[in-house]
Amino acid sequence: QVQLVESGGGLVQAGGSLRLSCAASGSISSINVMGWYRQAPGKQRELVAIISSGSNTNYADSVKGRFTISRDNAKNTVYLQMNSLKPEDTAVYYCAADIRRIGARLPSRYWGQGTQVTVSS
């Protein structure tokens with residue numbers, strides 16, 4: 001069994017910062033890509049940022065220059081540092097990871113439960 005547990009969401013004023021964390025645990029053999037997605041009310045879930053096992057990163061245009069994704073492979077944890085937050089960043093943020101379980105031949109995509117980020121104007 002594999003779990004992704006997120007933390008760090010909350011309420012912040014526009015221009016403020018938050019740091020999200022997501023820790024993977026369980027019978028993990030390896031973790032490939034890790035990432036963050038978000039879903040605002042009435043909208044589809046969208047990619048925010050992803051990071052490979054070799055720390056190559058990719059960002060949505062809307063967050064470039066403001067958000068930074070990083071990971072600690074020893075802790076099976078991915079982070080999202082969010083600076084200069086805007087009201088339009090308000091959403092439920094989900095972490096995702098492509099994880100190969102011990103004994104499995106191929107990786108599967110796992111999702112966290114989501115954490116609310118609310119940015120007030």
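Numbers given for residues are sequential positions, taken from 1 along each chain in its written order. Note on the predicted model: pLDDT of at least 70 is required for a residue's local features to be given, and 80 or more for side-chain atom pairs to be given and counted; whole-chain, interface and lining totals, by contrast, use all residues. Based on all heavy atoms of the structure, the side-chain values leave hydrogens and waters out of the count.

**Examining the pattern of salt bridges**
Phase 1 of the analysis: The term salt bridge refers to a side-chain nitrogen of Lys or Arg lying within 4 Å of a carboxyl oxygen of Asp or Glu. One pass over the full model with this rule turns up five salt bridges.
Phase 2 of the analysis: Note that Arg-38 and Glu-46 form a salt bridge whose closest N and O atoms lie 2.7 Å from each other.
Phase 3 of the analysis: Partly exposed residues are those whose accessible area sits between 20% and 50% of the maximum for their type, while under 20% is buried and over 50% is exposed, using a 1.4 Å probe and protein chains only. What makes Glu-46 partly exposed here is its relative accessible area of 37%.
Phase 4 of the analysis: In this structure, Arg-66 and Asp-89 form a salt bridge, with 2.7 Å as the shortest nitrogen-oxygen distance.

**Describing the state of the cysteines**
Phase 1 of the analysis: We call a pair of cysteine sulfur atoms a disulfide whenever their separation is within 2.5 Å. A full pass over the atoms with the stated rule returns one disulfide.
Phase 2 of the analysis: The partner cysteine of Cys-22 in its disulfide is Cys-95, sulfur to sulfur 1.9 Å. Of this pair, Cys-22 sits in strand E3 (residues 18-26) while Cys-95 sits in strand E9 (residues 91-101), placing them 73 residues apart in sequence.
Phase 3 of the analysis: Its relative accessible area of 1% is what places Cys-22 among the buried residues. Numbered from the N terminus, helices here are DSSP runs of H or I no shorter than four residues, and strands are runs of E no shorter than two.

**What to know about the nonpolar core**
Phase 1 of the analysis: Take the buried residues of types Ala, Val, Leu, Ile, Met, Phe, Trp, Tyr and Cys, join any two whose side-chain atoms come within 4.5 Å, and each joined set is a nonpolar core. Counting 32 residues, the largest nonpolar core has Trp-36, Leu-80, Met-82, Tyr-93 and Ile-99 as its most contacted members.
Phase 2 of the analysis: Counting residues per element, this core draws most heavily on E9, at five residues.
Phase 3 of the analysis: In what follows, residue pairs with any heavy atoms lying within 4.5 Å of each other are defined as contacts. Sequence-distant contacts of Leu-80, that is, excluding residues within four places in its chain, are made with Leu-18, Arg-19, Leu-20, Trp-36, Val-48, Ala-49, Phe-67, Thr-68, Ile-69 and Tyr-93.

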